[in-house]
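Here's the letter readout for the chains.
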Amino acid sequence: SGMAVGKCISADVALAFSPGIHQPDCYCLMKPLQFTDFDEYASAVRHVDLDVRLIHPHRHHHQWSLQEIELQSLRLQFAVEGSGILAFGKMHQDGLGLYAQLSGAPVCVNGKRIGPGVIAVLPPDAEFAIAGHGAIRWFSVFVPSPLLIDNALPPGRSSSVYVPQGLRHAFNRLHSQEGKIQ
């Protein structure tokens, strides 16, 4: 199922994540996709290969949503997961992923506990595991390899969970604009 264009967002919302890139007046915001089937939701998440399982499927809401924004070459995804999950995955080799939780109980990424405001950096081809025990809201950013600076990636195939100063500010700006794009 393809995503249909829903509306445009203003440049100030887009600038929250990519302030150094020349920006047009608006960006295409894909219409939010709503799911009641978990497998359909999991297969709609982009730029990673995933094997995802529900944790305690009878205790949580059975609704998930996913929305994508295209900012030139960057791809942002906003998601709402109505249940705890256990996900094993691998980042695509053609770019780097950033994962940040917006709300909900902290999750573990490769064994490291992260909560809202902490960004997990997933290098190209990195393998990862994410575990969460309740409903959360998160976003991810896919940065294609041609936009990356040489030697800017953490070594190895595992993700490094850290909060670079510049990304913490971008996270806070993007999070403050979230209501304007949903």
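From a predicted model like this one, the values you see are computed outputs, not experimental measurements.

Visitor: Tell me about the sheet that holds strand 9 (residues 107-109), residues and numbers included.
Guide: Here five strands make up an open sheet; going across it, the order is 4-7-12-9-10 and the pairing antiparallel. The two strands at the open ends of the sheet, each matched to only one other strand, are strand 4 (48-55) and strand 10 (112-114). Put simply, the sheet's adjacent strands are angled 20° from each other on average, direction ignored. Inspection of the sheet shows strand 9 paired to strand 10 by three bridges, in the antiparallel sense. Along strand 10, the bridge assignment pairs Val107 with Ile114.

Visitor: I'd like a description of the pairing of strand 5 (residues 64-71), backed by residues and values.
Guide: The buried fraction of strand 5 amounts to seven of the eight residues, a majority that puts the element mostly inside the structure. Bridge analysis of strand 5 against strand 6 (residues 74-81) gives eight bridges, and the strand direction is antiparallel. Across the sheet, residue Glu70 finds its bridge partner in strand 6, namely Arg75. The loop that links strand 5 with its antiparallel partner strand 6 comprises two residues; one of these, Gln72, has a positive phi angle of about 50°.

Visitor: I'd like to hear about the packing of aromatic side chains, residue by residue, with values.
Guide: Centre distance and the angle of the planes are the two values used to describe a pair of aromatic rings. All chains considered together, the criterion is met by six aromatic pairs. Every member of this aromatic cluster is reached through a ring pair, and the members are Phe35, Phe38, Tyr41 and Trp64.

Visitor: How would you explain the pattern of salt bridges if you had to name every residue and give the values?
Guide: For the structure shown, the criterion picks out three salt bridges. In this structure, Arg46 engages Glu68 in a salt bridge whose closest nitrogen and oxygen atoms are separated by 2.6 Å. One end of the pair, Arg46, is in the loop between helix 2 (38-44) and strand 4; the other, Glu68, is in strand 5, with 22 residues separating them in the sequence. By relative accessible area, Arg46 is classed as partly exposed at 34%. For Asp51, the salt bridge identified is with Arg53, shortest N-O distance 3.0 Å. What makes Asp51 partly exposed here is its relative accessible area of 37%.

Visitor: Go over the nonpolar core with me, naming the residues and quoting the values.
Guide: Counting 27 residues, the largest nonpolar core has Tyr41, Leu66, Tyr99 and Trp138 as its most contacted members. Among the elements that make up this core, the one with the highest residue count is helix 2 (four residues). Membership of the second largest hydrophobic core comes to 14 residues, among which are Ile69, Leu96, Leu102 and Val143.

Visitor: Describe the side chain of Glu81, with residues and values.
Guide: In this structure, Glu81 sits in strand 6. For the buried Glu81, which has no salt bridge, the nearest side chain bearing the opposite charge is Arg137, at an N-O separation of 11 Å. A polar contact of 2.9 Å, which involves the side chain of Glu81, links it to the side chain of Trp138. Apart from the residues within four sequence positions on either side, Glu81 is in contact with Tyr41, Gln63, Trp64, Gly134, Ala135, Ile136 and Trp138.

Visitor: I'd like to hear about unusual backbone geometry, residue by residue, with values.
Guide: In this model, Gln72 sits at a positive phi of 50°, which is unusual for a non-glycine residue. Relative to the helices and strands, Gln72 is located in the loop between strand 5 and strand 6. Located in the positive-phi region is Asp125, a residue other than glycine, with phi close to 70°. Considering the arrangement of structural elements, one finds Asp125 in the loop between strand 11 (119-122) and strand 12 (127-132). Exposure remark for Asp125: the relative accessible area of 24% places this residue in the partly exposed category.

Visitor: With reference to specific residues and values, describe the pairing of strand 11.
Guide: Neither face of strand 11 is exposed, since Ile119 and Val121 on one face and Ala120 and Leu122 on the opposite face are all buried. Of the pairings in the sheet, the one linking strand 8 (residues 95-104) to strand 11 comprises four bridges and is antiparallel in character. In the sheet register, Ala100 faces strand 11, and the bridge partner there is Ile119.

Rules used in this analysis
- Residues numbered from 1 in each chain as written.
- Predicted model: local features only at pLDDT ≥ 70, side-chain atom pairs only at ≥ 80, totals over all residues.
- Heavy atoms only, no water.
- Pairing = 2+ DSSP bridges.
- Helix = DSSP H or I, 4+ residues; strand = E, 2+ residues; numbered from the N terminus.
- Axes fitted to C-alpha atoms, helices over the stretch in contact; angles between N-to-C directions.
- Buried < 20%, exposed > 50% of the residue type's maximum accessible area, 1.4 Å probe, protein only.
- Phe/Tyr/Trp six-rings, centres within 6.5 Å; stacked < 30°, edge-to-face > 60°.
- Salt bridge = Lys/Arg side-chain N within 4 Å of Asp/Glu carboxyl O.
- Core = buried A, V, L, I, M, F, W, Y, C linked by side-chain atoms within 4.5 Å.
- Lys, Arg positive; Asp, Glu negative; His and termini not counted.
- Polar contact = N/O pair within 3.5 Å; in protein donor to acceptor, adjacent residues only side chain to side chain.
- Contact = heavy atoms within 4.5 Å.

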